[in-house]
Amino acid sequence: MTVLQEVKYERRFSFFRNDNAFPILKWAGGKRQLLPVIHKNLPSEIHKGEITTYIEPFFGGGAVFFSLTNNFTFLSKTILDINKALMFFYKNLRDNVEPLIELLTDIQKTYDGLNDSEREEYYYSQRSIYNEEISCIYSQNTILDWLNPSARLLFLNKTGFNGLYRVNSSGEFNVPFGSYKNPKICDVSNLRASSKALEHTAIVHGDFELSINEIDHKSFVYLDPPYRPLSTTSSFNSYAKESFDDSDQIRLAEFCKSIDAIGAKFLLSNSDPKNIDPNDDFFDKLYRGFSIKRINARRNINSDGSGRGIVSELLIKNY
Ligand SMILES: C[S@@+](CC[C@H](N)C(=O)[O-])C[C@H]1O[C@@H](n2cnc3c(N)ncnc32)[C@H](O)[C@@H]1O
């Protein structure tokens, strides 16, 4: 593309217009900054209105979902994630946005009235309550049971370190305090806009393979799994107590072959092992026969998130 074409392209798509939804949560590995390149790599059928179903099986903060919903209309949408608390947060956002806003308004007022050390104390007390609540209701599937933890999840996300959602081996949320100056915990207009974007969306908790039943030949599936770590010390990928290892990456490649066999379109992002070892062709072998593009992305390059650098990442698609 020439520079002029690029500018025209950027103008044609407003990923997050003022009155539109944008991702409500910060999320490790979130795709906000890759949206221009993701939009350029969408299947042409989406522009022609020929894609009727959108499926996102590794939802996290949903940057791609919200930007697509702002620009295209689908007859049905399904989002899925292995993180149960996260999926119940989105269910409450979709179905109970006003009660959620009420709870968050109270939290925001309380937090704004505290000094720095009181804020830190408040954070840790909310974190303990959250973990207790979650352990009591984990087997419950009634959306309202999850309303209070959903408000707390958003609070912890806005005030915890780097907006991470990290759990220990017993599933307890263990992210430390983030000491941000004036975090916007209750963004009423975006809560309402993202609630609207989630209308008529099936929100499913579970493993990505569950989404296969929703896919038909008019579907577009965007997959953003936990990245294969580039080294043992980099690349955060402990979103849930279940890890995502090479056997899951292999399972995912088989899943993508099933999507292809159905006649649906898929686009998948992942880390590029060639950043570390130019001879590592793990993904090149797994996705042989599909289009594999290497793109540049700004990423944390060490485990504490203190360093950023340009790394190559993969975009794999079947069109
Ligand atoms: C890289 S993040 C997705 C980020 C998202 N694209 C965004 O823009 O915020 C990967 C997500 O996959 C989820 N996940 C991990 N293992 C999974 C599995 N087996 N099935 C479904 N989701 C899974 C994690 O909980 C995490 O939210």
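We now turn to the structure provided with this report. Every value quoted in this text rests on a predicted model; they were computed, and no experiment measured them.

A word on the overall build of the protein chain
- If you tally the helices and strands in the protein chain, you get 11 helices and 7 strands.
- Across the protein chain, contacts joining residues at least 24 apart in sequence account for 71% of those joining residues at least 6 apart.

Examining the pairing of strand β4 (residues 219–223)
- Counting buried positions along β4 gives 5 out of 5 residues, so the element sits mostly inside the fold.
- Here β4 shows no split at all, with Ser-219, Val-221 and Leu-223 on one side and Phe-220 and Tyr-222 on the other all buried.
- Direction of pairing for strand β1 (residues 53–56) relative to β4: parallel, over a ladder of 3 bridges. Pairing of Ile-55 across the sheet is with Val-221, part of β4.
- When β4 meets strand β5 (residues 265–271), the two strands line up parallel, connected through 4 bridges. Across the sheet, residue Val-221 finds its bridge partner in β5, namely Phe-266.

What about the nonpolar core?
- Ranked by internal contacts, the top residues of the largest apolar core, which has 67 residues, are Phe-89, Leu-154, Val-221 and Phe-266.
- Phe-266 has contacts with Val-221, Leu-223, Cys-256, Ile-259, Asp-260, Lys-317 and Asn-318, leaving out every residue within four places of it along the chain.

Focus on the packing of helix α7 (residues 116–137) against helix α8 (residues 147–159)
- Where α7 meets α8, the closest approach of the two axes is 10 Å, and the angle between their N-to-C directions is 140 degrees. Considered as vectors, α7 and α8 are oriented oblique to each other. In the crossing of α7 with α8, the sense of the turn from one axis to the other is left-handed. Between α7, through Tyr-123, Gln-126, Arg-127, Ile-129, Tyr-130, Glu-133 and Ile-134, and α8, the contact on the second element is made entirely by Asn-148, Pro-149, Arg-152, Leu-153, Phe-155, Leu-156 and Thr-159.
- Residue classes in the contact of α7 with α8 are distributed as 8 nonpolar, 3 polar and 3 charged.

So, the pairing of β5
- Of all 7 residues making up β5, 7 are buried, and the element is well covered by its neighbours.
- Covered by surrounding structure in β5 are Lys-265, Leu-267, Ser-269 and Ser-271 together with Phe-266, Leu-268 and Asn-270, the residues of both alternating faces.

Thoughts on the packing of helix α6 (residues 97–112) against α8
- Where α6 meets α8, the axes come as close as 10 Å, and the angle between the chain directions of the two elements is 50 degrees. Taken together, α6 and α8 sit at an angle that is classed as oblique. Seen along the crossing, α6 lies across α8 with a hand that is right-handed. Contacts from Pro-99, Leu-100, Leu-103, Leu-104 and Ile-107 in α6 reach Leu-147, Asn-148, Ser-150, Ala-151, Leu-154 and Phe-155 in α8.
- Classifying every residue of the contact of α6 with α8 by side-chain character gives 9 nonpolar, 2 polar and no charged.

Side note on unusual backbone geometry
- With a phi close to 55 degrees, Asn-162 is a non-glycine residue in the positive phi region.
- With respect to the element layout, Asn-162 can be found in the loop between α8 and α9 (188–197).
- Of note, Ser-179 is a non-glycine position whose phi angle comes to about 35 degrees, a positive value.
- The topology assignment puts Ser-179 in the loop between α8 and α9.
- Residue classification places Ser-179 among the exposed residues on the basis of 12 C-beta atoms within 10 Å.

Calculation rules
- Residues numbered from 1 in each chain as written.
- Predicted model: local features only at pLDDT ≥ 70, side-chain atom pairs only at ≥ 80, totals over all residues.
- Helix = DSSP H or I, 4+ residues; strand = E, 2+ residues; numbered from the N terminus.
- Contact = placed C-beta atoms within 7 Å.
- Buried ≥ 20, exposed ≤ 12 C-beta atoms within 10 Å, placed from the backbone.
- Pairing = 2+ DSSP bridges.
- Core = buried A, V, L, I, M, F, W, Y, C linked by C-beta atoms within 7 Å.
- Axes fitted to C-alpha atoms, helices over the stretch in contact; angles between N-to-C directions.
- Parallel < 35°, antiparallel > 145°, perpendicular 65-115°, else oblique.
- Left-handed = near helix turned anticlockwise from the far one by under 90°.
- Nonpolar A, V, L, I, M, F, W, Y, C, P; charged D, E, K, R; others polar.

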